[in-house]
Amino acid sequence: MRDRSDQDRYDAEVSAYDHKAEAVRRRTVDLDMRQGWVLVDYFYTQLGAMDRAGSSLKDTIGPMVYGMDVERERHRDSQIAFLPAGAGGDPALHDPVRRTPRPLAGLDLAEMKLMKGDTGGASEMAEAALKTDPRMPRHTTFLAASI
């Protein structure tokens, strides 16, 4: 029969391990965020809550995705000190840089027009992109969607 102190020591070791493992996971989440994967923290937190609640991904994924406060995440993302492009590894080894969003052009701009309801403008831009590179499947698919 085991002594109570053995159980207490085991529980303390498991707790210490869990604490260290969580610290490693949080550093990885931070690195991923700084490399541009800006929703990693949101999904890491949501999946942790799902696990603690004993819920299934099937039951949780809809509310997780559609219940996201996009403006809150956008604000949080604007506070990230991104790593230089191509940087990896330990974030402490890199100087953070702030990147301004790249201006929309081509099909990205056409998609924005389509989302705002400007189907005519989106269609024109898709046609121009298709003339530039007729073999690009994204151009053809987008043009079909914007009509």
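On a predicted model such as this, the values are computed, not experimentally measured, just so you know.

Visitor: I keep staring at the overall build of the protein and nothing clicks. Help me out?
Guide: If you tally the helices and strands in the protein, you get seven helices and zero strands. Along the chain direction, N to C, the helices and strands of the protein fall in the order α-α-α-α-α-α-α. In the protein, which comprises 147 residues, the proportion classed as buried is 20%. The contacts of the protein with a sequence gap of at least 6 include a subset with a gap of at least 24, amounting to 40%. Surface summary for the protein: the accessible area is close to 11,000 Å², and the carbon and sulfur share equals 58%.

Visitor: Teacher, can you tell me more about the side chain of Asp77 here?
Guide: Looking at the secondary structure, you find Asp77 in helix H4 (residues 70-78). Buried within the structure, Asp77 lacks any salt-bridge partner; Arg76 is the closest side chain of opposite charge, at an N-O distance of 6.0 Å.

Visitor: Would you take a moment to explain the pattern of salt bridges for this structure?
Guide: If charged atoms from side chains of opposite charge come close, those side chains can pair. With the rule as written, the count across this model stands at eight salt bridges. Ionic pairing is found between Arg4 and Asp8, a salt bridge with its closest N-O pair at 3.5 Å. Residue Arg4 and its partner Asp8 are located together in helix H1 (residues 4-34), separated by four residues, close to a single helical turn. Residue Arg4 is classed as exposed on the basis of its relative accessible area, which comes to 59%.

Visitor: Honestly, the packing of aromatic side chains in this entry has me stumped. Any pointers?
Guide: Centre distance and the angle of the planes are the two values used to describe a pair of aromatic rings. For the structure shown, the criterion picks out one aromatic pair. With a centroid separation of 5.1 Å and an interplanar angle of 80 degrees, the aromatic rings of Tyr42 and Phe43 are classed as edge-to-face. The class of Tyr42 is buried, set by a relative accessible area of 8%. Residue Phe43 is classed as partly exposed on the basis of its relative accessible area, which comes to 24%.

Visitor: Could you clarify how one ought to interpret H1 in this entry?
Guide: For an α-helix the count is 3.6 residues per turn, leaving residues at separations of three or four pointing the same way. For H1, built from 31 residues, the straight-helix expectation of 45 Å at 1.5 Å per residue is met to within 8% by its first-to-last C-alpha distance of 45 Å. Burial in H1 covers these residues: Ala21, Val29, Leu31, Met33 and Arg34. At its buried positions, H1 is contacted by helix H2 (40-53) and H4. Immediately beyond the C-terminal end of H1, within one or two residues, lies Gly36, with a positive phi of roughly 115 degrees.

Visitor: It is not clear to me how the environment of Asp32 should be interpreted in this structure. Could you clarify?
Guide: In this structure, Asp32 sits in helix H1. By relative accessible area, Asp32 is classed as partly exposed at 23%. Between the C-alpha atom of Asp32 and that of Phe82, which follows or precedes it by 50 residues, the distance is 9.6 Å. Excluding residues within four positions of it along the chain, Asp32 makes contact with Trp37 and Val40.

Visitor: I'm lost on the packing of H2 against helix H3 (residues 57-66) in this one. Help?
Guide: Two quantities define a packed helix pair, namely the angle between the axes and the distance from one axis to the other. At a minimum axis distance of 11 Å, the contact between H2 and H3 shows a crossing angle of 140 degrees. In this view, H2 runs oblique relative to H3, as classed from their interaxial angle. Crossing handedness for the pair H2 and H3: right-handed. Along the contact surface, H2 presents Tyr42, Phe43, Gln46, Leu47 and Met50, while H3 presents Leu57, Thr60, Met64 and Val65. Residue composition of the contact of H2 with H3, grouped by class: seven nonpolar, two polar and no charged.

What counts as what
Residues numbered from 1 in each chain as written. Predicted model: local features only at pLDDT ≥ 70, side-chain atom pairs only at ≥ 80, totals over all residues. Heavy atoms only, no water. Helix = DSSP H or I, 4+ residues; strand = E, 2+ residues; numbered from the N terminus. Buried < 20%, exposed > 50% of the residue type's maximum accessible area, 1.4 Å probe, protein only. Contact = heavy atoms within 4.5 Å. Areas by Shrake-Rupley, 256 points an atom, 1.4 Å probe, with all protein chains shown as cover. Lys, Arg positive; Asp, Glu negative; His and termini not counted. Salt bridge = Lys/Arg side-chain N within 4 Å of Asp/Glu carboxyl O. Phe/Tyr/Trp six-rings, centres within 6.5 Å; stacked < 30°, edge-to-face > 60°. Expected span 1.5 Å × (residues − 1). Axes fitted to C-alpha atoms, helices over the stretch in contact; angles between N-to-C directions. Parallel < 35°, antiparallel > 145°, perpendicular 65-115°, else oblique. Left-handed = near helix turned anticlockwise from the far one by under 90°. Nonpolar A, V, L, I, M, F, W, Y, C, P; charged D, E, K, R; others polar.

Keep in mind these values describe shape, not function.
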